[in-house]
Structure formats: structure tokens, C-alpha cells
Amino acid sequence: MPGRGMGERLAVDPNRNSVVYFAAEGGNGLWRSTDHGATWAKVTSFPNAGNYVADPNDTSGYQAQNQGLTWVAFDRATGTSGAATRTVYVGVADKENPVYRSTDGGTT
């Protein structure tokens, strides 16, 4: 699939492994689980679902899909064992705004 080499879309919080994030493709936004992936909720406060399309004229649809969010990473040093990591980075397939950072454990 296009964009698969951009990074890891699924990431487990290194300080609190019950917290898992998924950076969805296709303009579907950021998703979070707080119960080890048993249930998921869209992070509605995340401001950008991505807008990059490799080839909008591709009639097969393969290259015409919005690449969406591309990766999630945690700054392990901003948390302690058992508590959610405070700083989370998310990559977005958007040439103008490609990286977002939360410093409050993903609340904003």
C-alpha cells in the first residue's frame, strides 16, 4: 500500500502498555485504546486527518487514497512506569503540517 514505509501506525505506550494508538489511513484520524486494544475510540481532538494523495487521477484507487496519519511515537523520558507517557508525536501525510506533538498524554 502507498505510504507503508513512512513509519509505525500502531504504537504501545512504553510506560503504560494499556494505552495504544493507531494512526489510521484514508482520512480516518487518530485512534486510542486504554484497555490493551480491546476497545478503541477516535481521538476527536486530533486536528488533522491528513490530505496527501499520491496520484488523485489513479482510477484503480490504489494511489488515489488519502495517506492519512503515518506514524505514532512516544518520548519515553516524559513518563514514569505505570503512568501514561506525557509527550506523544504523530506523523501526518500533509506537506504543510506533517508532525504534531501532545505534551499532556494525548489529551490535546
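Scroll up to find the structure this text is about.
What counts as what
The residue numbers shown here count from 1 along each chain, following its written sequence. Two thresholds apply to this predicted model, a pLDDT of at least 70 for residue-level local features and 80 or more for giving and counting side-chain atom pairs, whereas whole-chain, interface and lining totals are computed over all residues. Side-chain figures throughout are based on the complete set of non-hydrogen atoms in the structure, without hydrogens or water. Going along the chain from the N terminus, every DSSP run of H or I of four or more residues is numbered as a helix, and every run of E of two or more is numbered as a strand. Here, strands pair whenever DSSP counts at least two bridges between them. Two rings belonging to Phe, Tyr or Trp (six-membered ring only in the last case) form a pair when the distance between their centres is within 6.5 Å. Interplanar angles under 30 degrees mark stacking, angles over 60 mark edge-to-face geometry, and anything in between is tilted. Buried means the residue's accessible area, taken with a 1.4 Å probe over protein chains only, is under 20% of the maximum for its type, while exposed means over 50%, and partly exposed covers the values in between.

So what's going on with unusual backbone geometry? Which residues, and what values?
A positive phi is found at H36, a non-glycine position, where the angle reads about 65 degrees. By the element assignment, H36 lies in the loop between β3 (30-33) and β4 (41-42).

Can you tell me about the pairing of strand β2 (residues 20-23), naming the residues and giving the values?
As defined by bridge partners, strand β1 (residues 10-12) adjoins β2 across 3 bridges and the pair is classed as antiparallel. Pairing of L10 across the sheet is with F22, part of β2. Pairing analysis gives 4 bridges linking β2 to β3, with the strands arranged antiparallel. Bridging across to β3, Y21 finds its partner in R32. Linking β2 to β3, which pair antiparallel, is a turn of 6 residues; within it G26 sits at a positive phi near 70 degrees.

Give me the lowdown on the packing of aromatic side chains, citing residues and values where you can.
Per the counting criterion, the structure on display carries 2 aromatic pairs. Summarising the aromatic geometry, the rings of Y21 and F74 are spaced 5.8 Å apart at their centres and angled 55 degrees between planes, so their arrangement reads as tilted. Of this pair, Y21 sits in strand β2 while F74 sits in strand β5 (residues 69-74); the two residues are 53 residues apart in sequence, bridging distant segments of the chain. By the burial criterion, Y21 is buried, and F74 matches it.

Keep in mind these values describe shape, not function.
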